[in-house]
Protein chains: 4
Amino acid sequence: MDQQEKGRMRMQAEQGRSVRTDLALEVRESFREDDVEINGVVLEREKAGGKGIDISRVVIQNEEGAKAMGKPVGTYITIEAPGLKESDESYQESISKELAKQLRKLCGNLKEKQILIAGLGNRAATPDALGPFVVDNLFVTRHLIREFGPEFRKKHKLANVSAVAVGVMGQTGMESIEILRGIIGETRPDLVIVIDALAARSTERLNTTIQITDTGICPGSGIGNNRQALNRESLGTEVVAIGVPTVVDASTIVGDYLEQSLSAQGFSREETQRFLEEVRRNREESFANLFVTPKNIDEAMKQISYTISEALNDCFAG
Amino acid sequence: MDQQEKGRMRMQAEQGRSVRTDLALEVRESFREDDVEINGVVLEREKAGGKGIDISRVVIQNEEGAKAMGKPVGTYITIEAPGLKESDESYQESISKELAKQLRKLCGNLKEKQILIAGLGNRAATPDALGPFVVDNLFVTRHLIREFGPEFRKKHKLANVSAVAVGVMGQTGMESIEILRGIIGETRPDLVIVIDALAARSTERLNTTIQITDTGICPGSGIGNNRQALNRESLGTEVVAIGVPTVVDASTIVGDYLEQSLSAQGFSREETQRFLEEVRRNREESFANLFVTPKNIDEAMKQISYTISEALNDCFAG
Amino acid sequence: MDQQEKGRMRMQAEQGRSVRTDLALEVRESFREDDVEINGVVLEREKAGGKGIDISRVVIQNEEGAKAMGKPVGTYITIEAPGLKESDESYQESISKELAKQLRKLCGNLKEKQILIAGLGNRAATPDALGPFVVDNLFVTRHLIREFGPEFRKKHKLANVSAVAVGVMGQTGMESIEILRGIIGETRPDLVIVIDALAARSTERLNTTIQITDTGICPGSGIGNNRQALNRESLGTEVVAIGVPTVVDASTIVGDYLEQSLSAQGFSREETQRFLEEVRRNREESFANLFVTPKNIDEAMKQISYTISEALNDCFAG
Amino acid sequence: MDQQEKGRMRMQAEQGRSVRTDLALEVRESFREDDVEINGVVLEREKAGGKGIDISRVVIQNEEGAKAMGKPVGTYITIEAPGLKESDESYQESISKELAKQLRKLCGNLKEKQILIAGLGNRAATPDALGPFVVDNLFVTRHLIREFGPEFRKKHKLANVSAVAVGVMGQTGMESIEILRGIIGETRPDLVIVIDALAARSTERLNTTIQITDTGICPGSGIGNNRQALNRESLGTEVVAIGVPTVVDASTIVGDYLEQSLSAQGFSREETQRFLEEVRRNREESFANLFVTPKNIDEAMKQISYTISEALNDCFAG
């Protein structure tokens, strides 16, 4: 998350609308008038079989929608599952199956593809370790298929899967995109699935939401700086990103709270905005290196990464 | 921290003055009028040799002071070292030496004592793992002295040291005090040194401050509920506590920020208080399981626990 | 295993019969004449439902048997499951159920008891970490029952469970027995279940065998040095031990191999013995700090500890 | 080590001389006649300043030497330091400085180079985790130099350093060489330094020896299969390898012991060889997945990886 995040935050600070979130659904919901249409943006909701799992689908259809949303054109699927952070095995299995189903819907038959899973983030910083943890539990097959041949693959109905935890720039001195481009050049996958921890705006989203998108990972917005984006354009292959929000930026949570409180106390929108601007200037520095995260984050990360890896393994074999 | 924290938070919520901090220095500083004396409370400050390390000493002398401060009678030494969280070896060594010096000042010659080090907190939750991490690096000697006799001890000038990481109630089903009482009954130390992660009020304190106190660990306040206190009274032996604030409660940080912002905007004290009360009611639930912690917490915990264990080893041998 | 092991090894070196193993079944099998009766020792075997899980039961009935076996009077149940080290979930579940069944058979209805689980061994040395790893996954209830009362316990049909990882003497300065005696004195359980990694003689036993015994843990033998034994006599309460062999001593494996090789080459028993004695003298030093362990030990320990903790949780609740 | 090791073992089994070791020094020493010259192989020894650190240098000068040694043409420096596995800080510093000195001698001024450090091996299997552990402690600079420019680099006298832990084929589905080739293609370093755990023949070498070589890593031998070699030829850039033996193959230790014992008992060389062959056939299977490693391997790996990373950091900055 490290370096991307900084870029992202900078971009958002420059935008008029300061919605610090990686979730397209949160951006969509930030438009207060829920039923009003935004041109170029479609939102659909469905229930997933009465298990307390909700599926939303935000489709950004064109540049107008991309501009309004501050996110690139593409499909964003959100799985909301309040129990994702808990350790109820059968419920986890339901989430895992739903995630597998949504992945198949988005990508087609994964068993016919050659796939590289890229875990982003810092293994040594728990809320950022989603990517490496998912990679730890994957069933990779590329080396087996190379050794035993296409017959073996056909017989066992296997996707051709390789995986890598790319580390963070502070540890490698390299950008994720450099490492991935190199590996892609050598191994030529059809599809790259990127796993990363995300930042949310709302604390209620933490460890309860999975976002899947065919836009890859794009710090900032669809417009402007694309240098570090991991997408079809930059990697030269299809890219799908799976993310879970694990932190809220400390300054976001404070800003949010102030905004709500002031509105509740009857301040006008303009007064509130002026007040917030003031606050933002002061707090930026002291909050810059802080995040808000749940007390059980270590336990939750183990649980969630396992559930995601199971969904992937389910798509790839058998 | 787990269970103690809950008790502590409950107690503080009931107090008029809602200062959610384990640091006596922060409580003392919360009395805005810095120079005004509080009866029964003495504050002294010194610089530690130009290394950017500050030492403060809050002495609560009597019940009047205890009531004003919401903390038991005793001495609270605070080492403030902004570089504590960083990995400059020679600076860490300076902190370590200062900590050793202050410990000797408070406890006398530790090499003549039989000491039990008790690491509190949850090894699997990084910001709460200070206690177990310190215990991991200690040089224990009790078993060696039992095997090689008092001659050996004399020759090497060793304290008699044993150590235990007691775990948290959610993992053991037992309170820290039960485990410690049992071990103390069997091994009869003269002094128990308790290591624990603390909660601070100010984010600037995080991973930059060490508190040493001869009052032990006392959730809530000196008055009232002493059931879970780890002190001379409850453990039947001298108790010194060493703590480092590693988290700020999410609701504290928001409350603080609101308070400052409203004051800055010219609201009266009464208005601000009423406003805050309102906010507190709403936010309690959504913030209950969140904390604010620095982004480099995993790295910082390794560094700080090592520095503390080196200070202890320094007091115990050689 | 640390200190106990040393005692154990010393004791065995002094015995005529040098069988370096913690498994009663291996001792029994070391008597070449399989069908010949040993007075005071009964061996029964059963299959556990066609899943490739074998159950053996060695009962040492009296002092004569104890002397012959070099192990104290009591029952030793061995679960042999070649797949224990692998990650086939449904097979692991079968093992877990079998272990729960055998535990209930040995101890009666565990839900009516107050139980302390003690994880022995060194968390930081993988093949010795079985105890701490099992403790990490337990569902403890003692604190809940204390908070919500006997009604709660009855309603949910819960055992009263507490758990502790006692650490090793090199890290705590205390013997396991001192820590356990202290905790038992404070919390008064009816039953202590001790979990520990064991040493086997045969590499085929590694990570494939679980031993359950009502004799506790007894370094050396039933006769002689009982100082460090963890049993009813030393702890004042019923003790059951669960162990899995995770290492073979390096000198055992070499000795074993030499013995087999020499026999195969037609050397007489006396010649072989003399040869081995010679070898033993030379090798002791260079092999003293080495062990033989499987290459996948880190993965295997996670798997096995989880399976054991699931068996325990199954006995304790629901 | 995983896949390379297999290749290596296979190759060695096919060679007449079955010396299962990655250390050139051990191969050289296996020629019993110490003073007899081997054509094309030079051995020099020096003491490193009275600290109990010995330096040897084996130079394989030509194909004749390579054939005799079963290792490619190049320089092999061995640092023997019995205290490497212990935690004496000042001694570790001496080793670290010696390693830095030897690296500079072999590679020239590292501060002028662009260097990629590649940590091989499995982070989750302690004796194989040397590579990833070293990478965790490196001070990388490539991203800083890219951000702050050549002025910054000059001012601080920094090498341009990037680092990656490549994982093992069972976890990534890719060979180390594929990942490295990709990253090298993108980032164009002048020098690749590969860090890997090695296998030794003698248990006394474990965690006491560091080998540095400019031949890279070459499973098997210099002749024949070069598919997986990591060297100038395969990576297209200068390659230096740093390794520490952390395991002895279980079958090696048994075979070695048998050989010594039989010789000591007066068996002729032919008898011993026939005997060993017999044994080898039987034992291969049962020992295939076992290794011999020191009891304190977890502690030792932390210590050694830190010492190596400090040597590298020392070469790269300041």
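Structure: above.
None of these values were measured; they are calculated from a predicted model.

Undergrad: Any chance you could explain the nonpolar core here in plain terms?
TA: What tends to happen in soluble globular proteins is that the nonpolar side chains get buried as a cluster. Residue and element names in this part refer to chain D. Among the nonpolar cores identified, the biggest contains 42 residues, and I117, L312 and F316 are the most heavily contacted of them. A total of nine residues in this core trace back to one element, the largest contributor, which is helix α12 (residues 297-316). Contact partners of F316, with chain neighbours within four places excluded, come to L110, K111, I115, I117, K157, L158, A159, V161 and I193.

Undergrad: For this particular structure, what's the right way to read the pairing of strand β8 (residues 238-249) of chain D?
TA: Two faces make up the sheet, and in a regular strand the side chains alternate between them. Residue and element names in this part refer to chain D. Among the twelve residues in β8, eleven count as buried, and that is most of the element. Where strand β6 (residues 191-200) and β8 come together, ten bridges link them in parallel fashion. Paired with A197 across the strands is V244, a residue of β8. Across three bridges, strand β7 (residues 209-213) lies against β8 in antiparallel orientation. Considered in β8, the bridge of T213 is made with A241. As paired strands, β8 and strand β9 (residues 290-294) are joined by two bridges and run antiparallel to one another. Across the sheet, the residue bridging to D249 is F291, located in β9.

Undergrad: How do you make sense of the side chain of C:S162 when you look at a structure like this?
TA: As for its placement among the helices and strands, C:S162 is situated in strand β5 (residues 160-165). Beyond its immediate chain neighbours, meaning those up to four positions away, C:S162 contacts B:T172, B:G173, B:M174, C:I115, C:L116, C:I117, C:V140 and C:R142.

Undergrad: Please clarify how unusual backbone geometry should be interpreted in this entry.
TA: With glycine set apart, most residues show a phi of negative sign, and most peptide bonds adopt trans. Here A:R188, not a glycine, exhibits a phi torsion of approximately 50°, which is positive. Within the fold, A:R188 resides in the loop between α8 (176-187) and β6 (191-200).

Undergrad: When you look at the pattern of salt bridges in this model, what are you seeing that I'm missing?
TA: Once their charged atoms are close, side chains differing in charge can pair, the charge on each being opposite to the other. Following the criterion strictly, the structure yields 56 salt bridges over all chains and no others. One salt bridge connects A:R181 with D:E186, and the closest N-O pair in it is separated by 3.8 Å. Of the two residues, A:R181 is situated in helix α8 and D:E186 in helix α8 (residues 176-187); the pairing between them involves two chains. For D:E186, a relative accessible area of 31% puts it in the partly exposed group. Here D:R205 and D:E80 are joined by a salt bridge, their closest N and O atoms 2.6 Å apart. Placement of the pair is D:R205 in the loop between β6 and β7 and D:E80 in strand β3 (residues 74-80), with a sequence separation of 125 residues. D:E80 matches D:R205 in its accessibility class, with the two residues each being buried. Among the charged side chains, a salt-bridge network with shared partners connects A:E26, A:E29, A:R45, A:E80 and A:R205.

Each value, and the rule that gives it
Residues numbered from 1 in each chain as written. Chains lettered and ligands numbered in written order. Predicted model: local features only at pLDDT ≥ 70, side-chain atom pairs only at ≥ 80, totals over all residues. Heavy atoms only, no water. Core = buried A, V, L, I, M, F, W, Y, C linked by side-chain atoms within 4.5 Å. Buried < 20%, exposed > 50% of the residue type's maximum accessible area, 1.4 Å probe, protein only. Helix = DSSP H or I, 4+ residues; strand = E, 2+ residues; numbered from the N terminus. Contact = heavy atoms within 4.5 Å. Pairing = 2+ DSSP bridges. Salt bridge = Lys/Arg side-chain N within 4 Å of Asp/Glu carboxyl O.

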